[in-house]
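Tertiary structure, described
Letter by letter, the chains look like this.
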Amino acid sequence: MDLDKRKMGLIRHGGHEPTEIQPGCLIGFYFAAHWVPTARNFLSKLIAAYTAINSSSKKFEIIFVSFDRNEDTFEAFSQEMPWLIVPYKNETLRIGLAKKFQISDSFHLVITTPLWKVISQNAIEDVKCKAAQSFDFWESISSNVKSYEESPYCEKGHLMGFIDQTFKKRCAYCKSEIIKGWTCLECKMSTCTICQEFYSNSASDEEFKLQCLHSHQMRHASKMNEYYMSRFLNSKYTCRTCNQLPDGNGLHCFSCIFDMCFVCAKIAYEKKLKKRCEKGHEITWTHELCAKIQEKFGKCEFRCEICGESYMGGGGYACQACEYYVCIPCVRKT
Ligand SMILES: [Zn+2]
Ligand SMILES: [Zn+2]
Ligand SMILES: [Zn+2]
Ligand SMILES: [Zn+2]
Ligand SMILES: [Zn+2]
Ligand SMILES: [Zn+2]
Ligand SMILES: [Zn+2]
């Protein structure tokens, strides 16, 4: 369905004349129904926030999209709403908007830029906690979307907003304090611009589907030397499973600062070890091996039974019952 933003036929309560959204306003698409008790309670809060935000000049418009089951409850529910309303009879538009924003329940507030780019997929908590103040944050995101070609997307695909040092956030990836960075309102996570750039340039890894020691899906990353240089002032880094220095390409977990070279990735992905431990148990690839050892013994490290080498944080082949571990380089030789 093609949503023509100028010809949506929005009305105000009681009116029948089509009304347009004032250009430049941030938009809140409010999906709700009278039969949802939380939606009824929330309404007065939303009206208060809406009125406060627009007190000096019009900056924010709300469009009510009803999930009411009949026109009478719709009428009663929308009576006090000071904002724009999709006429109940225009079911095509109501369903079209719900589909566009992927709404699956009957109580939702989606905030978008004037050009309908989603700033927050569910802003109900924002309004509940911060009332009219939420607007400043939405606005900071929106003004950024205008000036930058593209705001980045977080790991879950939400549009991120620009932040500076006044927000006092830490980067979820390099853990440093953010001077310039991005934040996701939904995931409540922030990243510095450098980490975010490398994250955005990495791809989800469809080839090996390997996980780091904390069971995050690793990303297919390149130019990691540049990343380590710009973030940690040293272009050298090691593959956690072979202790070699990769050439900048490989699998990376941004949250754990964890790398695996492609040689290791290939082995962990396809090699089934025929060897068994001394008691005859199977030895299997265990990506979270070091996390488990840390839980038990407090050090994030394992030592290979065959070559004697130690690995910090890396996965290995293991019989966990006997604490019998074999490293990838040794498996590679078999
Ligand atoms: Zn960072
Ligand atoms: Zn997010
Ligand atoms: Zn390796
Ligand atoms: Zn991780
Ligand atoms: Zn972790
Ligand atoms: Zn070994
Ligand atoms: Zn065993």
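Residues numbered from 1 in each chain as written. Chains lettered and ligands numbered in written order. Predicted model: local features only at pLDDT ≥ 70, side-chain atom pairs only at ≥ 80, totals over all residues. Heavy atoms only, no water.

Per an unreviewed UniProt entry, the recorded name for the protein chain is protein-disulfide reductase, and the organism is Stentor coeruleus.

Read across the sheet, 4 strands follow the order β9-β10-β11-β12 without closing on themselves; strand pairing throughout is antiparallel. The sheet is open, and its two edges are formed by β9 (203-204) and β12 (258-260), each paired on a single side. Two strands pair when backbone bridges link them, and strand β10 (residues 219-221) and strand β11 (residues 250-253) are joined in this way by 3 bridges, in the antiparallel orientation. Its bridge partner being in β11, His220 is matched across the sheet by Leu251. Packed on one face of the sheet, helix α8 (residues 262-270) meets β10, β11 and β12 and runs near 80 degrees to β12. (Pairing = 2+ DSSP bridges. Helix = DSSP H or I, 4+ residues; strand = E, 2+ residues; numbered from the N terminus. Contact = heavy atoms within 4.5 Å. Axes fitted to C-alpha atoms, helices over the stretch in contact; angles between N-to-C directions.)

Moving on to the coordination of the zinc ion (ligand 7). Of the protein atoms, only Cys277 (SG), His281 (ND1), Cys319 (SG) and Cys322 (SG) coordinate the zinc ion (ligand 7), at distances of 2.1 to 2.2 Å. Around the zinc ion (ligand 7), the 4 donor atoms sit at angles spanning 97 to 120 degrees, and that spread fits a shape best called tetrahedral. Counting along the primary sequence, the residues that act as donors to the zinc ion (ligand 7) give the motif C-x3-H-x37-C-x2-C. Of this pair, His281 sits in the loop between α8 and β13 (284-286) while Cys322 sits in the loop between β16 (316-319) and β17 (324-326), and the two are 41 residues apart along the sequence. Given a relative accessible area of 34%, His281 falls into the partly exposed group. On the accessibility criterion, Cys322 (28% relative accessible area) is partly exposed. (Donors = N, O, S within 2.8 Å, 3.2 Å for Na, K, Ca; no water. Tetrahedral: all angles 85-135°; square planar, octahedral: opposite > 155°, others 65-115°. Buried < 20%, exposed > 50% of the residue type's maximum accessible area, 1.4 Å probe, protein only.)

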